[in-house]
Structure formats: C-alpha cells, structure tokens
Amino acid sequence: MPNNNRHISNLTRDTYALVLAGGRGSRLHELTQWRAKPAVFFGGKFRIIDFPLSNCINSGIGRIGVATQYKSHSLIRHINRAWSHFKKEMGESVEILPASQRYGDEWYRGTANAVFQNIDIIRHELPKFVMILSGDHVYRMDYGPLIAKHVATAADMTVCCIEVPVEEAAGAFGVMTVDENNQVLRFDEKPEKPSEIPGKPGYCLASMGNYVFNTEFLFEQLQVDDEKVNSSGDFGHDIIPSIIKSHQVYAYPFRDPNSEKQPYWRDVGTLDSFWEANMELVELDPQLNMYDEDWPIWTYQEQTAPAKFVFDEEERRGIAINSTVAGGVIVSGSTIKRSLLFNKVRVSSYCFIEETVVLPGANIGRNCQIHKAIIDRNVILPENLVIGKDHDQDRANGFRVTDKGVVLITRDMIAEYLAKQAVQQAQSESVE
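Now for a look at the structure at hand. (Residues numbered from 1 in each chain as written. Predicted model: local features only at pLDDT ≥ 70, side-chain atom pairs only at ≥ 80, totals over all residues. Heavy atoms only, no water.)

Focus: the packing of helix H8 (residues 215-226) against helix H9 (residues 235-243)
H9 packs onto H8 with a crossing angle of 115 degrees between their chain directions and a minimal axis gap of 11 Å. The orientation of H8 with respect to H9, classified from their angle, is roughly perpendicular. As H8 packs across H9, the resulting crossing turns out to be right-handed. Of H9, the residues touching H8 (which contributes Phe217, Leu218, Gln221, Leu222 and Asp225) are Phe235, Asp238, Ile239 and Ile243. (Axes fitted to C-alpha atoms, helices over the stretch in contact; angles between N-to-C directions. Helix = DSSP H or I, 4+ residues; strand = E, 2+ residues; numbered from the N terminus. Parallel < 35°, antiparallel > 145°, perpendicular 65-115°, else oblique. Left-handed = near helix turned anticlockwise from the far one by under 90°. Contact = heavy atoms within 4.5 Å.)

So this is what it looks like as structure tokens:
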C-alpha cells in the first residue's frame, strides 16, 4: 500500500503557490489608507498575509510568489523581514511579484490577469500544479489534501470552498452549484438566492478564492482570457464560468479532517469583522489556536523587552485580564480587559481599556476610558479622552463609528481632533 503522506509530500513539492496580495480592502476604510489589506495587523503580533504564507510552508509548499499592487510598501517591507530567510537552493523561497507590466502597459486588472502577468516566472519553476491563494483571509489549512483531491478527481481546476448558510452568502460570496460528487455545474458571483448543497439544505458552497490548476491548463486558459476584448481578467467573473461546461472543475469543501466540521476561516474585510475576529482570540478556548506548535504561524517580530505591568495601588494598578499583550508593552497603573495590545504599546496610568484592539506603537495618555475600539498604529491619544461611551460624541470628535458600534481612531483623526480642540481653546480664551 503506497505511503499517503509521501504521496502528498511529492504533490506539494510539485506545486507553486501564488498569493494574491494586492487587495485594497476599501471596507476597512482608514485602516487600509496606507497599507494593503494583507498587510493589516492581526491577532496581537501578526499580519493577515502571515496566515496563507504559513499554511504554505507548513503544508510543504516551499515555492511561493506574492503578487502585490495597492500601497504595497508596508507589505513588501514585512515580507522582506519575515520571509526572506528561505533559501532558493534548498527548494524554498518567497518572492515578491509587483505589477511589472511584463505583458503590456496595464497594472493587474483582476485575479486572473495578476497570474497571467507572471506566467514566465511560474513557468521557470516547472511546477505540475499551480495553487492560487487569496492573501487577505485568516485561517489555518493543510493544502496537501486539497492538492491530493485535485489529482484523485482528475480535475483541471479545483475550487476550495467553505460551507456557508444561504442567508449569509446571499449577495456576499461567489457560490458554486455542484452535483453529488462536488463537480461544479454553475458559478454565480454574489447571487441573491444561492444554490444549496445537495443533501444539505440551508447551506451553500462559497468560494474561498483559493484554486488549484494543472499548470499547462492554467496557462492555456489565461492566454485565451487575455485575448478576449471584454474580459475583466478575473477568475470568478471570467475564467470559472467559461470552463465549467467543457472541463473538469470540482469544488473542495474545506472541512476539519477529524470532525468533518467547518474549520476556522474569517474574511476580515470590514471594521466590524476585523474587530470581532480579534476579540475571538481572547476567549478562553478560541477556535483559531495560535498556540499549536505543530502548525506555527510565522511572522516578523521586532526584538523588544518583555511586556511589563507596573504599580500596585488601589486606584493605580497595572493589570490585564482575558487579554493578549505583545513584547515591548508597558501598562502603567491601568486596567486592560478583553483587549489585544500589539508590540511597543504604552498605556499611561488611570486608564480603563476594554474590548479594544491597540495596534503597534500606540501611546495611550492618562485617564483615558476606551471601549470597543480599534486604535491604529503609532496613534498618540491625549489625556482624559473617552472613546466608545457616547457615539455621537465620538463622531463629533472626528472618529469613525461602525454600524455595530466599533470606533476606529487613526493618527490623522487625532491630529484633526487636537487642531479642533486648539481652536476651541483659543476662542474660549479670547472671550475671557
């Protein structure tokens, strides 16, 4: 009987992974004003891009390209710091592939066009399979069984899917209509009435934006698509619908191999979903286990001193409860509850911070009261600021408040707030 693990490892070695990391993430508003969505911080010390890249390395896929485009400086800097130690001569490398206009004057038009513009780089690697991955989702997945299933079904293309309630998928996800063998019969982009899974009413198969192709087949379809006048160069809009009837396209439901249940997967594409996904991590037993040493999430971590909590007085005690605190953090006589403090955050005395995501380098002034907020990188909050208690006041202060009551604060917002406060102070003094 053949060794299945060896079979899968041979398949992963013959696979080239291309991570599409050029997404703007406009629904994250000011959080992606200066960085692409895959470069957004997540989980106390990571960036979103770390999750698909770690999945590749942990799955035995060592040849990886990262296609960048929108405001990519922060992303490129992170990849260079965190992922440049892999050695090409050892069969592992993470290469950055900016839109370099190899096949014309245009930037990446869509997901398929991003792959097409890098055909020469992929061809040089001589892979049997090409795996296309979205760079802006948070999940842990062994890609080995996915590629093995692709081979076992003799598929030309395999689409990785999650099982989503029909009402949740309506108008939000690309949905696969499949037969009892999961062969794709139809693909609909964000339909109002998604097709249900055979034998599982109330649920549909939503595309994760992850695909496996036989290499030559992929190249052929990309060439055909590029020659179409009205194509948007996108897998969902163009490639998948054009090949379903004439080729073998299968859906691969992403399930836990042990329980067959839906594993953790989050599209943190809105401020509310970003906040909620981070808050899940401070629960007693979070679904996303980042403490699993058998499946580490790799990242770049600046060398910092250990986190420190100072003062132990009745009204001035440095404590953190049900929270995560990264290296270099100093909590000085303040209380932190159900929050995530990223590296090098400073919290001055007499603050109360609850259900808040504080990104690296933020500095919280004395006597601040913060509830249900996202504090962007390097924000310096002035003393006595109250956030998240009165949303009308938050809006009046120039902060963004989401539909679910999450308050986002950036450096530009604080600069405008302080300028407004200075004008009001000057006016008050002139009246006196």
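From this point, the discussion proceeds with the structure in view.
Let's talk about the state of the cysteines
As used in these notes, a disulfide is a covalent bond between sulfur atoms, one from each of two cysteines. Counting across every chain of the model gives 0 disulfides. Unpaired in terms of disulfides, Cys161 finds its nearest cysteine sulfur in Cys160, a separation of 6.7 Å. For Cys161, a relative accessible area of 0% translates into the label buried. With no disulfide of its own, Cys368 has Cys351 as its nearest cysteine by sulfur position, at a separation of 4.8 Å. (Disulfide = S-S within 2.5 Å. Buried < 20%, exposed > 50% of the residue type's maximum accessible area, 1.4 Å probe, protein only.)

Looking at the environment of Asn181
Within the secondary structure layout, Asn181 lies in the loop between strand E9 (174-178) and strand E10 (184-189). Sequence-wise, Asn181 and Ala251 are 70 residues apart; in three dimensions their C-alpha atoms are separated by 8.9 Å.

Side note on the environment of Arg47
By the element assignment, Arg47 lies in strand E3 (residues 46-47). Classification of Arg47 as buried rests on a relative accessible area of 7%. The residues touching Arg47, leaving out its near neighbours within four places in the chain, are Pro38, Ala39, Val40, Phe41, Phe42, Ser74, His78, Thr299 and Arg377.

Description of empty space enclosed by the protein
The final tally for this structure, using the stated rule, is 1 cavity of 30 Å³ or more. In this structure, the largest cavity encloses a volume near 40 Å³. Lining the largest cavity are Arg109, Ala112, Asn113, Phe116, Leu222, Asp225, Asp226 and Gly233. Among the elements of the structure, helix H4 (111-116) and H8 are those that each provide at least two residues to the lining of the largest cavity. Tallied by class, residues from the lining of the largest cavity come to 3 nonpolar, 2 polar and 3 charged. (1 Å grid on protein atoms, 1.4 Å probe; cavity = no way out; pocket = protein on both sides within 12 Å on 5 of 7 lines; lining within 4 Å. Points joined across faces, edges and corners; volume = space filled by probe spheres on them. Nonpolar A, V, L, I, M, F, W, Y, C, P; charged D, E, K, R; others polar.)

Let's talk about the packing of aromatic side chains
Applying the stated rule across the entire model yields 12 aromatic pairs. Aromatic pair Phe42 and Phe51: ring centres 5.8 Å apart, planes at 80 degrees, arrangement edge-to-face. The class for Phe42 is buried, based on a relative accessible area of 0%. Exposure remark for Phe51: the relative accessible area of 0% places this residue in the buried category. Geometrically, the ring pair formed by Phe399 and Tyr417 is tilted, given 5.9 Å between the ring centres and 40 degrees between the ring planes. In this pair, Phe399 is assigned in the loop between helix H11 (391-396) and strand E28 (400-401) and Tyr417 in helix H12 (residues 411-431), connecting sequence segments 18 residues apart. (Phe/Tyr/Trp six-rings, centres within 6.5 Å; stacked < 30°, edge-to-face > 60°.)

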